[in-house]
2 protein chains.
Amino acid sequence: MAGFTPSLENLIDKLAALPSVGRKSAQRLAFHLLGMSDEAVNSFIESILNARSSVHRCSICCNFTDNDICEICASKERDKSVICVVEDPRDVMAFEKTHEYSGLYHVLHGVISPMNDVSPEDICIKELISRLGSDEIKEVIMATNPTVEGEATAMYISKLIKPLGVEVSRLAYGVPVGADLEYADEFTLIRAIEGRKNI
Amino acid sequence: MAGFTPSLENLIDKLAALPSVGRKSAQRLAFHLLGMSDEAVNSFIESILNARSSVHRCSICCNFTDNDICEICASKERDKSVICVVEDPRDVMAFEKTHEYSGLYHVLHGVISPMNDVSPEDICIKELISRLGSDEIKEVIMATNPTVEGEATAMYISKLIKPLGVEVSRLAYGVPVGADLEYADEFTLIRAIEGRKNI
């Protein structure tokens, strides 16, 4: 006997193919799914299908929403003169949690990455550029991840935006608050020294 | 804005309720499920429903199978005089991987646990006892986990089996092969000394 029974093996394979699910977790999940009540499994499957059918991209900022325009773009409370450009809807959540930023967002849904065959056309750059036509937008904050690809994407987009007369900024680099300098990598330390401020 | 859009939040909640899936993993899984092709999602859902409809307990050993009797119970190669009693179908896989044990199994699907409201009737003990009627079975190896509840379950079952004239044994306790004694807990070391053998 090489493994579990075929239909169970198939389910485990499918679960193990999900991101951050290893073989052992996939087994645990499969046994859990087998043990769930019919009602619970149906409601689980429904939630997948329901999310897939109702969630789509906001027609303005490309963030996920159930409506045509997301809550943030539709809100009258937000500062409409600044757009924070992020890679992923989860990054929007990260900024929202600070309760400090009150401007708008634009979600790229990825970064330019020739290695992974992602070109500028594959992410929501043209949607961003088309938002800059009005005079309302004064500044775009590039908040892509501080990785090589995030950096390159920020550079690429800033070159497209600058000719339009809109200010472009980039998140500050430096040591994270509460971190131990001993464990900071040299690139972060270099950036922290370069970006030092008078106190 | 407190969180993601409602249908997405609902999906994340459902995923986070699965075992060993935290909030962050649930988010990652939800985004992955949103990004999958319709075909891939349907095949994923099908594998859940298919496993749930075809997988059931072997009518002899209670292990999971797609047929009436599992491969191991149906095999003519196995030693039918010994039954290894385990808590979970995954434990069967663990023993099968050793390629050393060639007897039969019996899967309890749990352990007796008054704290979690699991009584002897809730696990497959009566199915085990009914297998011992024939003269064929000579020995039952109690291979429940080396935990308090696994131990208590092994004791409980051995008391039921002994009057039937079948030999009952328990897995050996001791230090795991390749382990560092420095990090072994005291209970394991005590059991390893108690169970020492002449060499």
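Below: a short report on this structure. (Residues numbered from 1 in each chain as written. Chains lettered and ligands numbered in written order. Predicted model: local features only at pLDDT ≥ 70, side-chain atom pairs only at ≥ 80, totals over all residues. Heavy atoms only, no water.)

1. Quick look at the overall build of chain A
Operational definition: Every helix listed is a DSSP run of H or I at least four residues long, and every strand listed is a run of E at least two residues long, numbered separately from the N terminus. Only C-alpha atoms enter the radius of gyration, while the globule expectation follows 2.2 Å times N to the 0.38, with N the number of residues. The classification of residues rests on relative accessible area computed with a 1.4 Å probe and restricted to protein chains. Under 20% of the type maximum is buried, over 50% is exposed, and intermediate values are partly exposed. Residue contacts follow a heavy-atom distance rule, with two residues in contact if any of their heavy atoms lie within 4.5 Å. In this charge count, Lys and Arg are treated as positive and Asp and Glu as negative; neither His nor the chain ends contribute. Lys charges are placed at NZ, Arg charges at CZ, Asp charges at CG and Glu charges at CD.
Counting secondary structure elements, chain A contains eight helices and six strands. If you list the helices and strands of chain A from N to C, you get α-α-α-β-β-α-β-α-β-α-β-α-β-α. A compact globule built from 199 residues should have a C-alpha radius of gyration of about 16 Å, whereas chain A, at 22 Å, is more than 25% larger. With the C-alpha coordinates of chain A rotated into their principal frame, the extents come out at 65 × 45 × 35 Å. Within chain A, the proportion of its 199 residues that are buried is 43%. Here the analysis covers contacts within chain A between residues at least 6 apart in sequence; of these, 47% occur between residues at least 24 apart. Taken together, the 20 basic and 30 acidic charged side chains of chain A have centroids lying 1 Å from each other.

2. Some thoughts on the packing of helix H1 (residues 6-16) of chain A against helix H2 (residues 23-35) of chain A
All names here are of chain A. Here is the rule: The angle between two axes is taken between their N-to-C directions and runs from 0 to 180 degrees, where each axis is a line fitted to C-alpha atoms and a helix contributes only its stretch in contact. Roughly parallel means an angle under 35 degrees; roughly antiparallel means over 145; roughly perpendicular covers 65 to 115; every other angle is labelled oblique. Handedness of each helix crossing follows the sense of rotation of the near helix against the far helix: counterclockwise by less than a right angle gives left-handed, clockwise gives right-handed. Ten residues, namely Ala, Val, Leu, Ile, Met, Phe, Trp, Tyr, Cys and Pro, are considered nonpolar, four, namely Asp, Glu, Lys and Arg, are considered charged, and the remaining ones, Gly among them, are considered polar.
Here H1 crosses H2 at 125°, and the two axes come no closer than 8 Å. One finds that H1 runs oblique with respect to H2. Classified by chirality, the crossing of H2 by H1 is right-handed. Residues Leu8, Glu9, Leu11, Ile12, Asp13, Leu15 and Ala16 of H1 lie in contact with H2, whose contacting residues are Arg23, Ala26, Gln27, Leu29, Ala30, Phe31, Leu33 and Leu34. In terms of residue class, the contact of H1 with H2 is built from 11 nonpolar, one polar and three charged.

3. Let's talk about the sheet that holds strand E5 (residues 139-142) of chain B
Residue and element names in this part refer to chain B. Here is the rule we go by: In short, DSSP must find at least two bridges between two strands for them to pair.
Overall, parallel pairing links the four strands, which are arranged E4-E3-E5-E6 in an open sheet. Looking along the sheet, the strands with just one partner apiece sit at the ends: strand E4 (103-107) and strand E6 (167-170). Recorded for the sheet is a direction-independent mean angle of 25° between the axes of neighbouring strands. Bridging between strand E3 (residues 79-86) and E5 involves four bridges; their strand directions are parallel. When the bridges of E5 are listed, Cys84 appears paired with Ile141. Strand contacts of helix H5 (residues 89-98): E3 and E4, with the helix running at about 160° to E4, the strand carrying the most contacts. Docked against the sheet, helix H7 (residues 148-161) engages E5 and E6, running at close to 170° with respect to E6.

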